[in-house]
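Listed below, chain by chain, are the residues.
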Amino acid sequence: MDHFPTNWGRPRNDTFDAYATYPIHQRPYNGPKDTFADGVQRTQQPIVTGSSLLAIKYKDGIMMAADNLASYGSLARFKDVQRLHQVGNYTVLGAGGDMSDFQYIQYILEELSIEEISAQDGHELGPVEIHEYMSQVMYARRSKMNPLWNSLLIGGFKDGKRFLSYVDLLGTTYTASTLATGYGAYIAQPLLRKAVEGKEDVITEEEARKILEDSMRVLFYRDARSLNKFQIATISNTGVSISDSIQLDTTWSFAEDIRGYGAQTQ
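By convention here, each chain's residues receive numbers from 1 onward along its written sequence. A pLDDT threshold of at least 70 governs which residues receive local features in this predicted model, and a stricter bar of 80 or more applies before side-chain atom pairs are shown or counted, although totals over entire chains, interfaces and linings include all residues. Calculation of side-chain values draws on the structure's entire complement of heavy atoms; hydrogens and water are dropped beforehand.

**Some remarks on the overall build of the chain**
Helix and strand counts for the chain come out as four helices and 14 strands. Accessibility here uses a 1.4 Å probe with only protein chains present; expressed as a share of the type maximum, an area under 20% marks a residue as buried, one over 50% as exposed, and anything in between as partly exposed. Expressed as a percentage of its 266 residues, the buried residues of the chain come to 39%. In this description, contact between two residues means that some pair of their heavy atoms is separated by no more than 4.5 Å. For the chain, restricting intrachain contacts to residue pairs at least 6 apart in sequence, the fraction spanning at least 24 positions comes to 61%. Note on conventions: DSSP H or I runs of at least 4 residues are helices, E runs of at least 2 residues are strands, and numbering of each starts at the N terminus.

Right, here's the structure in full:
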């Protein structure tokens, strides 16, 4: 039985309240809550997102690749987003996941860089320091149940040493000679491992670029949240370089031989 008179379907008279329903009591609601109804909000899911990031070691440094797409759900909404961010003179940080959280990460790293420059103590932040800082930031936000919804790749070259690491929204960290995030962790990572592992000190810059371009092409064919426009970052002893957007050459003629494609039915 419904014990709440306001739900009985009788018209309510503000002058004479026959059922003593004033003030009107809210019927208890145990269904889904509106995220935006409360003053304090937490990111429940990423909204505008970037997909895969790829990074490898080669003999002279680190090379990273990321496409320029930021998707609004399944809509390819923003096609000119730069997801590779230079930090200082030795490091590049790439981000997948929520783009607004990535913008916040860019902001706090800019603040950190300004503080470091202002100190004028002769020290500069390198990739190892940026990695440690971001791992602490991500873990702290996770512990507050308010994570930064990103997967980060941090690559750099300082004092003659290459550095490549991964940090995610839980504060999980690890390093490897090939790294990939998002769908690339399933599709591109095996290709990168086959091409790079055991050859890190032999692969030239041209070979590393071809490996990344081939992997990005495979991702564009297979990942519905990817784009055939991407950027490549190179970090070596000559400094940091982030390329302009590169357009991939792709071919779809093979699809004509697939049963059920186009006019072909047999």
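**Here's the deal with the packing of aromatic side chains**
For Phe, Tyr and Trp, rings pair up if their centres lie within 6.5 Å, where Trp contributes its six-membered ring, and each pair is then called stacked (planes under 30 degrees apart), edge-to-face (over 60) or tilted (otherwise). The tally for this structure, following the rule as stated, stands at two aromatic pairs. Aromatic side chains Tyr 166 and Tyr 174 sit 4.7 Å apart centroid to centroid with 25° between the ring planes, which places their arrangement in the stacked category. Residue classification places Tyr 166 among the buried residues on the basis of a relative accessible area of 11%. In this structure Tyr 174 comes out as partly exposed when scored by relative accessible area, which is 39%. Pairing Tyr 183 with Tyr 186 gives two aromatic rings, centres 6.5 Å apart and planes at 50°, and the pair type is tilted. For Tyr 183, a relative accessible area of 36% corresponds to the partly exposed category.

**Some points on the pattern of salt bridges**
Just to be clear on terms, a salt bridge is a Lys or Arg side-chain nitrogen sitting within 4 Å of an Asp or Glu carboxyl oxygen. Tallied over the full model, the rule gives five salt bridges. Across the pair Asp 201 and Arg 162 runs a salt bridge, and its minimum N-O distance is 2.8 Å. Within this pair, whereas Asp 201 is found in the loop between helix H3 (184-196) and helix H4 (205-222), its partner Arg 162 is found in strand E9 (residues 161-167), the two being separated by 39 residues in sequence. Residue class for Asp 201 comes out exposed when judged on its relative accessible area of 59%.

**Considering a nonpolar patch on the surface**
Patch building starts from residues that exceed 30% relative accessible area and form no salt bridge, then joins like charges within 9 Å and nonpolar side chains (Val, Leu, Ile, Met, Phe, Trp, Tyr) within 5 Å. Surface accessibility in these figures is a Shrake-Rupley result with a 1.4 Å probe; residues are shielded only by whichever protein chains are displayed. Nonpolar side chains collect at one region of the surface, where Ile 47, Tyr 72 and Leu 75 lie side by side and expose about 310 Å² of accessible area between them. Residue placement: Ile 47 occurs in the segment before strand E1 (48-50).

**Some words on the nonpolar core**
Grouping buried Ala, Val, Leu, Ile, Met, Phe, Trp, Tyr and Cys residues that are joined through side-chain atoms within 4.5 Å yields what is termed a nonpolar core. Ranked by internal contacts, the top residues of the largest apolar core, which has 21 residues, are Leu 93, Ile 105, Leu 109, Ile 130, Met 134, Met 138 and Leu 152. Elements supplying a minimum of two residues to this core: strand E7 (91-98), helix H1 (99-119), helix H2 (127-143) and strand E8 (150-158). No other element matches the six residues that H1 contributes to this core. Contact partners of Ile 105, with chain neighbours within four places excluded, come to Leu 93, Met 134, Met 138, Leu 148, Asn 150 and Leu 152. In terms of nonpolar packing, the next biggest core, distinct from the first, is built from 18 residues, Met 63, Ala 180, Ile 211 and Phe 230 among them.

**A look at H4**
In an α-helix, one full turn covers 3.6 residues, which means residues spaced three or four apart are oriented alike. Expected span of a helix, by definition, is 1.5 Å for each gap between consecutive residues, and there is one gap fewer than residues. For H4, built from 18 residues, the straight-helix expectation of 26 Å at 1.5 Å per residue is met to within 8% by its first-to-last C-alpha distance of 26 Å. Residues of H4 that are buried: Ala 208, Ile 211, Leu 212, Ser 215, Met 216, Leu 219 and Phe 220. Looking at the buried side of H4, the elements it contacts are strand E2 (53-58), strand E3 (61-67), H3 and strand E12 (229-236).

**Focus on H1**
Taking 1.5 Å per residue, 21 residues should reach 30 Å; H1 reaches 30 Å between its end C-alpha atoms and fits that length. The complete set of buried residues in H1 reads Met 99, Asp 101, Phe 102, Ile 105, Ile 108, Leu 109, Leu 112 and Ser 113. The buried residues of H1 all sit within an arc of 165° when viewed along its axis, so they share a single face. Counted as exposed and oriented over 90 degrees from the buried face of H1: Gln 103, Glu 115, Ile 117 and Ser 118. Relevant arc is that of directions from the helix axis to the C-beta atoms, nothing else.

**Considerations on the pairing of E8**
Taking burial as the measure, the nine residues of E8 include eight buried ones, the bulk of the element. One bridge is not enough; two strands pair if DSSP finds at least two bridges between them. Pairing geometry for E7 and E8, over seven bridges, is antiparallel. Bridge pairing in E8 links Thr 91 to Gly 156. Here seven bridges tie E8 to E9, and the two strands are oriented antiparallel to one another. Residue pairing for E9: Leu 152 is matched across the bridge by Val 167.

**Notes on the environment of Gln 86**
For Gln 86, the location among the structural elements is in strand E6 (residues 84-87). With relative accessibility at 38%, the residue Gln 86 sits in the partly exposed group. When the C-alpha atoms of Gln 86 and Gln 106 are compared, they prove to be 9.3 Å apart, with 20 residues separating the residues in sequence. The contact partners of Gln 86, leaving out residues within four places of it in the chain, are Thr 91, Val 92, Val 240 and Ile 242. Polar side-chain contacts of Gln 86 include one of 3.0 Å to the backbone oxygen of Gly 88. Definition of a polar contact: a pair of N or O atoms within 3.5 Å, with one able to donate and the other able to accept a hydrogen when the atoms are protein atoms, and with sequence-neighbouring residues admitted only if both atoms are side-chain atoms.

**Some thoughts on the packing of H1 against H2**
For helices, the fitted axis covers only the stretch in contact; all axes are lines through C-alpha atoms, and the angles between them, taken along N-to-C directions, range from 0 to 180 degrees. For the pair H1 and H2, the least separation of the axes is 12 Å and the interaxial angle reads 130°. The angle between H1 and H2 places the two elements in the oblique class. Judged by the sense of rotation from one axis to the other, the crossing of H1 with H2 is right-handed. Of H2, the residues touching H1 (which contributes Tyr 104, Ile 105, Ile 108, Leu 109 and Leu 112) are Ile 130, Tyr 133, Met 134, Val 137, Met 138 and Arg 141. Oblique is the label for any angle not covered by the other classes, which are roughly parallel (under 35 degrees), roughly antiparallel (over 145) and roughly perpendicular (65 to 115). A crossing counts as left-handed when the near helix is turned anticlockwise from the far one by less than a right angle, and as right-handed when that turn is clockwise.

By themselves, these are just geometric observations and shouldn't be taken as functional.
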